[in-house]
Amino acid sequence: MRLAFRPLLAAMLLCAAAAQARITSIEVLETRPFAEGRDFGAGPYQIIRALARGELDPADPRNAVIADIAIAPRNARGRVEYATEVEILRPVDPARASGRLVHEVTNRGRKLMLAYLQDATVSQARMNGLDGAEAVGNALALRLGHTLVWNGWDPDVPRADGNLSITLPMIEGVTADIRDEFVFGVRLPANRAEAPLSYPVADRDPARATLTLRRARDDAPRPVGFEYAGEQAIRLAGGARFEPLSIYEFRYPARGARPLGMGYAATRDLIAHLRHGGAGSPVADISVRAVLAVGISQSGRYLRHHLGLGMNADEDGRRVFDGMLVHIAGAGRVFINERFAQPNRTATWHEDFAFPENWFPIALAATRDPVSGAEGALLRGDATDPLVIEVNTATEYWQKGASLTHTDPGGIRDLPELPGVRHFLVAGTKHAGRAGLTTARGTCVNLNNPHSAGPLLRALLVALVRLGNARDHAAGQSGAAHRGRHPGRGGCGAGGFPGDPRRRAAALRDAGRARHRLGRRHPRRGARLVGAGAGARCRRQ
């Protein structure tokens with residue numbers, strides 16, 4: 001009997017040790033009423049600002065996908081530590097909460113869904129700071145009683161306007177020759193005298209670095225004189241000014257690498273901690289029925305990458321996000337899970353063109369890479385898969401490879417639409433279409449496009465919840481096995497959208513009667529939406 005007990009005890013100790021390799025503490029820094037206690041429909045809301053500390057076990061297979069975690073500094077328990085900034089907007093009265101957590105993945109530290117989904121038109125600083133009722137626009141999520149959650153995942157976001165960040169360990173003694181690219185007048189001010197570097201310089205000997213200039217991407221680069229302006233910036237030699245809209249490329253020896261992919265695990269573990277009532281959780285008194293994720297542009301690419309890394313299963317194998325609304329991500333992921341990565345990059349035809357963003361597998365459904373012969377999909381085909389709605393505008397089809405999210409890698413044939421996946425095109429709309437835009441030209445030749453995707457996005461957020469409810473109801477009628485495996489996961493469980501055509505039709509009406517359901521049309525028909533040419537063009541990005 002003693003011999004039989006020892007393996008059981010060893011297993012219990014192993015589970016206890018694994019449980020420690022997650023969120024270790026949540027320090028609440030501030031709690032205050034939102035919008036002077038205004039009732040949006042589910043009672044007053046409050047803002048909670050906190051710092052969540054956690055640690056990861058590099059030996060855990062779910063963490064082993066993180067680049068360089070094996071060589072990152074460890075604490076006395078052999079874990080790699082992090083600290084992520086967290087903000088929560090929740091109903092004061094837990095009884096009036098909907099039971100849904102809506103986690104918006106921050107975009108370069110910023111809150112975007114308040115503008116893109118809820119039509120807020122105040123400054124980004126006010127939205128980031130949740131400064132007054134105007135900061136949440138039409139307050140859709142608050143009227144529905146949802147709890148909103150944000151956290152930092154990129155340690156290098158600008159430390160301004162209340163952007164959320166994360167603290168990750170530095171890997172000492174690691175250097176490499178890397179490249180930076182600058183285009184002034186687009187993402188950098190045209191009159192800026194210095195170019196910021198992504199990493200500190202490891203050796204400031206100018207002979208070890210080169211700066212080149214091209215007017216267009218296909219032009220031959222020509223060398224340009226430069227000088228260092230500190231350990232993480234350069235300027236042109238002799239006080240010359242950078243040429244607007246031209247491409248400057250700087251190659252140099254860098255230091256200061258960090259395991260940036262830990263941002264994915266930090267988000268994974270934070271959400272698991274909140275949804276399962278972990279110690280110190282600021283939402284422990286809310287019965288969490290489901291967790292939905294919203295990602296816009298870069299943060300939409302983050303969610304696609306999250307799936308590709310297998311991060312939608314926590315360290316106990318439980319599903320993290322039940323549903324995802326991925327907006328204007330195209331076919332991309334994020335250049336983050338590499339040594340000396342630069343997650344702020346976003347590839348376009350002119351700038352950042354050669355930085356990693358699109359790689360196989362691209363689609364949620366299974367495909368075969370015609371070059372390598374590899375087969376794969378972003379979804380796993382198991383109970384950890386979320387419902388996914390991918391929404392793209394015309395821009396993403398022209399410039400971000402969006403057709404490859406629902407065609408094979410060659411852009412030749414449509415992929416079958418998976419039961420838990422939907423694709424939508426917002427035609428005639430630009431990448432950043434949202435409320436408050438005008439037709440003013442600004443620095444462009446043509447008039448600006450003022451069209452907003454907000455009405456569709458709001459409908460799809462509501463539909464995502466309703467479809468999850470209906471799907472879980474159908475699963476409950478066929479048996480309680482799912483609920484037994486995942487207690488408390490009502491609202492958006494495993495499996496697909498409801499199969500009943502009448503229920504599906506109702507869901508489409510809820511989604512604003514959107515008629516461009518991609519993946520249902522052959523790319524050779526309706527070529528304005530998805531075409532073999534578009535697929536081939538995007539494949540080269």
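In this text the structure is predicted, and so the values were computed from the model without any measurement. Counting starts from 1 at the beginning of each chain's written sequence and moves along it residue by residue. Totals for whole chains, interfaces and linings use every residue, but because this is a predicted model, local features are given only for residues with pLDDT of at least 70 and side-chain atom pairs only at 80 or more, for both listing and counting. The side-chain values count all of the structure's non-hydrogen atoms but skip hydrogen atoms and water molecules.

What about the sheet that holds strand 13 (residues 247-255)?
Turning to step 1, where the next piece is worked out: Here, a strand pair is defined by DSSP locating no fewer than two bridges between the strands. A run of DSSP states H or I qualifies as a helix once it reaches four residues; a run of E qualifies as a strand once it reaches two. Both are numbered from the N-terminal end. Read from one edge of the open sheet, 4 strands run 7-13-9-10, paired in antiparallel fashion. Pairing within the sheet leaves two strands with one partner each, and these edge strands are strand 7 (175-182) and strand 10 (222-223).
Turning to step 2, where the next piece is worked out: Both strand 9 (residues 210-214) and strand 13 contribute to a ladder of 5 bridges, which runs antiparallel. Looking at the pairing, leucine 211 lines up with phenylalanine 250 of strand 13.

A few points about the environment of proline 94
Turning to step 1, where the next piece is worked out: On the secondary structure map, proline 94 appears in the loop between strand 3 (80-91) and strand 4 (100-104).
Turning to step 2, where the next piece is worked out: Each residue's exposure class comes from its accessible area (1.4 Å probe, protein chains only) as a fraction of the maximum for that residue type: buried when under 20%, exposed when over 50%, partly exposed otherwise. Given a relative accessible area of 28%, proline 94 falls into the partly exposed group.
Turning to step 3, where the next piece is worked out: In this structure, the C-alpha to C-alpha distance between proline 94 and aspartate 285, residues 191 residues apart in sequence, is 6.3 Å.
Turning to step 4, where the next piece is worked out: Any two residues whose heavy atoms approach within 4.5 Å are treated as being in contact. Setting aside its immediate chain neighbours within four residues, proline 94 contacts Asp285 and Ile286.

Observations regarding the packing of aromatic side chains
Turning to step 1, where the next piece is worked out: Pairing of aromatic side chains requires ring centres within 6.5 Å, counting the rings of Phe and Tyr and the six-membered ring of Trp. Pairs whose planes differ by under 30 degrees are stacked, by over 60 edge-to-face, and all others tilted. Under the counting rule described, the total for this entry stands at 13 aromatic pairs.
Turning to step 2, where the next piece is worked out: Relative to phenylalanine 340, the ring of tyrosine 199 has its centre 5.0 Å away and its plane inclined at 80 degrees; by these criteria the two rings are edge-to-face. One end of the pair, tyrosine 199, is in the loop between strand 8 (195-196) and strand 9; the other, phenylalanine 340, is in the loop between strand 15 (323-327) and strand 16 (367-368), with 141 residues separating them in the sequence. In this structure, tyrosine 199 and phenylalanine 340 share a single accessibility class: buried.
Turning to step 3, where the next piece is worked out: Judged by centre distance (5.6 Å) and plane angle (90 degrees), the rings of phenylalanine 226 and tyrosine 228 are edge-to-face.

Things to note about the side chain of glutamate 396
Turning to step 1, where the next piece is worked out: Structurally, glutamate 396 is set in helix 7 (residues 394-399).
Turning to step 2, where the next piece is worked out: When charges are counted, neither His nor the chain ends are considered; positive counts come from Lys and Arg and negative counts from Asp and Glu. The working definition used for a salt bridge is a side-chain nitrogen of Lys or Arg within 4 Å of a carboxyl oxygen of Asp or Glu. No salt bridge is formed by the buried glutamate 396; its nearest oppositely charged neighbour, lysine 400, is found at 7.9 Å.
Turning to step 3, where the next piece is worked out: Setting aside residues up to four positions removed in sequence, glutamate 396 forms contacts with Ile328, Gly330, Gly401, Ala402 and His431.

What to know about the pattern of salt bridges
Turning to step 1, where the next piece is worked out: Applying the stated criterion across every chain yields a total of 41 salt bridges.
Turning to step 2, where the next piece is worked out: Between glutamate 85 and arginine 159 there is a salt bridge, with the nearest N and O atoms lying 2.9 Å from each other. Residue glutamate 85 is found in strand 3, and its partner arginine 159 is found in the loop between strand 5 (147-151) and strand 6 (166-167); the two are separated by 74 residues along the sequence.
Turning to step 3, where the next piece is worked out: Take arginine 159: its relative accessible area is 54%, and that puts it in the exposed class.
Turning to step 4, where the next piece is worked out: The partner of glutamate 249 in a salt bridge is arginine 179, and the shortest N-O contact between them spans 3.1 Å.

Examining unusual backbone geometry
Turning to step 1, where the next piece is worked out: A cis geometry characterises the amide bond from phenylalanine 360 onward to proline 361, with omega recorded as -5 degrees.
Turning to step 2, where the next piece is worked out: One non-glycine residue, aspartate 119, lies in the positive phi region at around 65 degrees.
Turning to step 3, where the next piece is worked out: Among the secondary structure elements, aspartate 119 is positioned in the loop between helix 2 (113-116) and helix 3 (124-128).
Turning to step 4, where the next piece is worked out: Non-glycine residue aspartate 161 carries a positive phi angle of around 60 degrees.
Turning to step 5, where the next piece is worked out: Residue placement: aspartate 161 occurs in the loop between strand 5 and strand 6.

Observations concerning the environment of alanine 329
Turning to step 1, where the next piece is worked out: Structurally, the position occupied by alanine 329 is in the loop between strand 15 and strand 16.
Turning to step 2, where the next piece is worked out: As a C-alpha pair, alanine 329 and arginine 304 span 25 residues in sequence and 8.2 Å in three-dimensional space.
Turning to step 3, where the next piece is worked out: Those residues in contact with alanine 329, other than ones at most four positions away along the chain, are Ser297, Gly300, Arg301, Arg304, Val391 and Asn392.

Note that every value here comes from positions in space, so none of it alone points to a role or purpose.
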